[in-house]
Amino acid sequence: MSPVFRSLFLLSLLVPGSALADEKLKVVTTFTVIADMAQNVAGDAAEVVSVTRPGAEIHGYSPTPRDLVNASDADLILWNGLNLELWFEQFLGNLGDIPSATVSEGIEPIEISSGAYQGLTNPHAWMGADAAMVYVDNIRDALSEADPDNAATYAANAEVYKREIRAVLDPLKSVIDALPADDRWLVTCEGAFSYLARDLGLNELYLWPMNTDAVGTPQQVRRVIDAVRENGIPAVFCESTVNTDPAEQVARETGARYGGVLYVDSLSEEGGPVPTYLDLLRVTTQTVADGLAGNS
């Protein structure tokens with residue numbers, strides 16, 4: 001741990017009301033989606049906090065000394081893995097010997113098909129229902145190992161939560177299934193929706209594979225314009241944490257609808273459109289269904 005971080009850590013020990021004095025399990029996650037999933041599994045048995053804030057772009061996030069202080073008294077750290085949080089390993093190393101778990105472990109992976117990350121696993125697995133079940137089970141197991149006295153609570157909460165996730169996605173899949181086969185395309189800015197596209201039976205097309213690559217280049221835009229025209233794709237979308245101009249340009253030049261904003265990497269503030277993971281799934285999937293059906 002660097003001298004600056006060590007000083008901040010020691011300072012945190014002196015703060016009245018520090019979480020160190022709280023006997024409840026403290027869980028730190030790398031971003032808000034995992035935090036909400038973990039809180040649903042934990043219930044009242046644990047406190048869950050996220051390093052990144054609502055609305056943050058998580059791929060290239062730069063942790064602050066205060067982030068390190070806030071995580072320094074964690075009992076467990078949960079992270080996605082799969083090359084999503086490129087900043088995380090150094091962050092974890094600065095924290096010392098705190099148990100951590102990779103919540104994507106054991107998913108059925110999808111490889112990135114283009115760009116600098118070609119051949120690597122697409123990290124946005126929480127967007128697929130089947131993968132989300134794996135996330136919930138991994139969170140349950142990590143919480144139970146860190147806090148065996150509440151293992152039964154975590155197990156019961158996990159089963160309820162998995163049913164809630166299915167209840168959000170299953171009805172919307174039937175809406176997609178009712179669309180003409182030629183209209184079942186998901187065109188986005190980042191290739192962050194591969195797992196959702198697979199679950200919904202959609203063909204996938206995107207401008208760039210990961211937000212850490214070059215984004216919105218003329219070559220990317222031209223390639224997608226050509227594909228939208230060739231396939232008669234009815235709508236294009238873009239996620240909330242990036243510039244939507246390239247997707248809107250594709251829509252203008254092809255006559256496709258701009259179907260609206262999708263959410264993937266981050267929840268919104270309380271009172272915003274997607275304050276929970278279930279809201280994120282519901283809003284994103286409904287936006288896709290409405291956009292493709294011409295209801296947006």
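Up top you'll find the structure we're talking about.
Residues numbered from 1 in each chain as written. Predicted model: local features only at pLDDT ≥ 70, side-chain atom pairs only at ≥ 80, totals over all residues. Heavy atoms only, no water.

Peer 1: Can you lay out the overall build of the chain for me, pointing to particular residues and giving the numbers?
Peer 2: When helices and strands are counted, the chain shows ten helices and eight strands. Taken over the C-alpha trace, the chain has a radius of gyration of 20 Å; the compact-globule value for 296 residues is 19 Å, and the two agree within 12%. Structurally, the chain occupies a C-alpha span of about 60 × 40 × 35 Å along its principal axes. Counting every position in the chain, which comprises 296 residues, the buried fraction comes to 52%. When contacts within the chain are restricted to residue pairs at least 6 apart in sequence, those whose partners lie at least 24 apart make up 62%. Accessible surface computed for the chain: about 12600 Å², of which carbon and sulfur atoms make up 50%. Charge separation in the chain, taken as the distance between the mean sites of 18 positive and 42 negative side-chain charges, equals 4 Å. (Helix = DSSP H or I, 4+ residues; strand = E, 2+ residues; numbered from the N terminus. Rg over C-alpha atoms; globule rule 2.2 N^0.38 Å. Buried < 20%, exposed > 50% of the residue type's maximum accessible area, 1.4 Å probe, protein only. Contact = heavy atoms within 4.5 Å. Areas by Shrake-Rupley, 256 points an atom, 1.4 Å probe, with all protein chains shown as cover. Lys, Arg positive; Asp, Glu negative; His and termini not counted. Charge placed at Lys NZ, Arg CZ, Asp CG, Glu CD.)

Peer 1: Describe in detail the packing of helix α2 (residues 32-42) against helix α6 (residues 151-177), supporting the description with residues and values.
Peer 2: Put simply, α2 and α6 touch, their axes get as near as 7 Å, and they point 125° apart. Here α2 lies oblique to α6, going by the angle between them. Across the interface between the two elements, Asp-36, Met-37, Asn-40, Val-41 and Ala-42 of α2 pack against Thr-153, Tyr-154, Asn-157, Ala-158, Tyr-161 and Glu-164 of α6. Each residue belonging to the contact of α2 with α6 can be placed in one class, and the counts come to six nonpolar, three polar and two charged. (Axes fitted to C-alpha atoms, helices over the stretch in contact; angles between N-to-C directions. Parallel < 35°, antiparallel > 145°, perpendicular 65-115°, else oblique. Nonpolar A, V, L, I, M, F, W, Y, C, P; charged D, E, K, R; others polar.)

Peer 1: Quick rundown of helix α9 (residues 245-254)? Include the residues and the values.
Peer 2: Of all the residues in α9, the buried ones are Pro-246, Ala-247, Val-250 and Ala-251. Buried residues along α9 cover an arc of 145° about the axis, so they all sit on one side. Turning to α9, the residues buried within the fold contact β5 (185-190), β6 (203-208), α8 (218-231), β7 (235-239) and β8 (257-262). Looking one or two residues past α9, Gly-255 carries a phi angle of roughly 80°, positive in sign. (Arc of directions from axis to C-beta.)

Peer 1: Tell me about the pattern of salt bridges, and please be specific about residues and values.
Peer 2: The full count for this structure, using the stated rule, is twelve salt bridges. Across the pair Glu-159 and Lys-162 runs a salt bridge, and its minimum N-O distance is 3.1 Å. Here Lys-162 and Glu-159 lie together in helix α6, a separation of three residues that amounts to about one turn. Given a relative accessible area of 34%, Glu-159 falls into the partly exposed group. Between Glu-253 and Arg-222 there is a salt bridge; the shortest N-O distance is 3.3 Å. (Salt bridge = Lys/Arg side-chain N within 4 Å of Asp/Glu carboxyl O.)

Peer 1: Just give me the short version of the packing of aromatic side chains, but keep the residues and values in it.
Peer 2: For the coordinates displayed, the defined rule picks out six aromatic pairs. Note on Phe-31 and Trp-126: the rings are 5.0 Å apart at their centroids and 55° apart in plane angle, and the pair reads as tilted. Of the two residues, Phe-31 is situated in the loop between β1 (25-29) and α2 and Trp-126 in the loop between β4 (100-102) and α5 (129-146); the sequence distance between them amounts to 95 residues. Classification of Trp-126 as buried rests on a relative accessible area of 0%. For the pair Trp-87 and Phe-91, a centre-to-centre distance of 5.8 Å together with 75° between the ring planes defines the contact as edge-to-face. (Phe/Tyr/Trp six-rings, centres within 6.5 Å; stacked < 30°, edge-to-face > 60°.)

Peer 1: Can you tell me about the state of the cysteines, naming the residues and giving the values?
Peer 2: Throughout the structure, instances matching the rule amount to one disulfide. Across the disulfide from Cys-189 sits Cys-238; the S-S distance is 2.0 Å. Between Cys-189 and Cys-238, the S-S dihedral sits near -115°, and the bridge is therefore left-handed. Of the two residues, Cys-189 is situated in strand β5 and Cys-238 in strand β7; the sequence distance between them amounts to 49 residues. The burial state of Cys-189 is the same as that of Cys-238; both residues are buried. (Disulfide = S-S within 2.5 Å.)

Peer 1: Can you tell me about the nonpolar core, naming the residues and giving the values?
Peer 2: Within the largest apolar cluster, 63 residues are counted, with the highest numbers of intra-cluster contacts made by Leu-78, Trp-126, Leu-143, Ile-165 and Tyr-277. In terms of residue count, the dominant contributor to this core is α5 (nine residues). Not counting the four nearest positions on each side in its chain, Leu-78 is found in contact with Val-27, Val-28, Thr-29, Thr-30, Ile-34, Ala-38, Ala-101, Val-103, Ile-139 and Ala-142. Counting residues in hydrophobic clusters, the runner-up holds 18 residues, among them Cys-189, Trp-208, Val-224 and Val-236. (Core = buried A, V, L, I, M, F, W, Y, C linked by side-chain atoms within 4.5 Å.)

Peer 1: I'd like to hear about the sheet that holds strand β2 (residues 46-50), residue by residue, with values.
Peer 2: Pairing between sheet strands relies on hydrogen bonds along the backbone, with the strands arranged either parallel or antiparallel. Here we have four strands laid out as an open sheet, ordered β2-β1-β3-β4, and parallel in their pairing. One side of each edge strand has no neighbouring strand; the edge strands of this open sheet are β2 and β4. The average angle at which neighbouring strand axes cross in this sheet is 25°, direction not considered. In the sheet, β1 pairs with β2 via five bridges, with the strands oriented parallel. By the bridge assignment for β2, Leu-25 is matched with Ala-46. Here α2 sits on the sheet and contacts β1, β2 and β3 (76-79); the angle it forms with β2, its principal contact strand, is near 175°. Sheet strands in contact with α5 are β1, β3 and β4, and its direction is about 170° off that of β3. (Pairing = 2+ DSSP bridges.)

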